Amino acid sequence: WLKPESASSQEQWQRGNSHWPLQAALYEPVLGLLPRVRRPALLARGADDLVAAPGMIRAFAESVPAGAVRTFGASGHFAYLEEPEAYCAAVTEFVLANAA
């Protein structure tokens, strides 16, 4: 999930472990809900993300009319930790472009 060069701190691993009670819900299919998204949405992912499968990304791109996909080339699943400056810039740009 994380690239080796972006090792997380102990605190980050502990926060991640807080998600264990929610684990079962993580595997419930929700792709069918994508056509209901009517607001601009950004799917931010790392190029080496093993969670966001190509079919999921395609479903997002095809189902969300105002959707944008941003892929971070030096990241796995946690682009906000692995490329924080680029991630912040992309999210800021997306929010400002869609603020109305």
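What comes next concerns the included structure. Predicted model only: the values in this text are computed from it and were never measured. (Residues numbered from 1 in each chain as written. Predicted model: local features only at pLDDT ≥ 70, side-chain atom pairs only at ≥ 80, totals over all residues. Heavy atoms only, no water.)

We now examine the side chain of Glu83. By the secondary structure assignment, Glu83 is in the loop between helix H4 (79-82) and helix H5 (84-98). Comment: no salt bridge for buried Glu83; closest opposite-charge side chain is Arg70, at 6.1 Å. There is a polar contact of 2.9 Å between the side chain of Glu83 and the backbone nitrogen of Ala74. (Helix = DSSP H or I, 4+ residues; strand = E, 2+ residues; numbered from the N terminus. Buried < 20%, exposed > 50% of the residue type's maximum accessible area, 1.4 Å probe, protein only. Lys, Arg positive; Asp, Glu negative; His and termini not counted. Salt bridge = Lys/Arg side-chain N within 4 Å of Asp/Glu carboxyl O. Polar contact = N/O pair within 3.5 Å; in protein donor to acceptor, adjacent residues only side chain to side chain.)

Right, let's talk about the packing of aromatic side chains for a bit. If you walk through the whole model with that rule in mind, you get three aromatic pairs. On the numbers, 6.1 Å between centres and 80° between planes, the contact of Phe78 with Tyr80 is edge-to-face. Each residue in the set Phe72, Phe78, Tyr80 and Tyr87 is aromatic and connected to the rest through ring pairs, giving one cluster. When the ring centre of Phe72 is taken as origin, the NZ or CZ atom of Arg70, which lies over that ring, is 4.2 Å away. (Phe/Tyr/Trp six-rings, centres within 6.5 Å; stacked < 30°, edge-to-face > 60°. Lys NZ or Arg CZ within 6 Å of the ring centre and 35° of its normal.)

Turning to the pairing of strand S2 (residues 67-72), a few remarks are in order. Across a regular strand the side chains alternate sides, sitting on one face of the sheet and then on the other. Where strand S1 (residues 41-46) and S2 come together, six bridges link them in parallel fashion. Along S2, the bridge assignment pairs Leu42 with Ala68. (Pairing = 2+ DSSP bridges.)

Remember, this is a structural readout, not a statement about activity or role.
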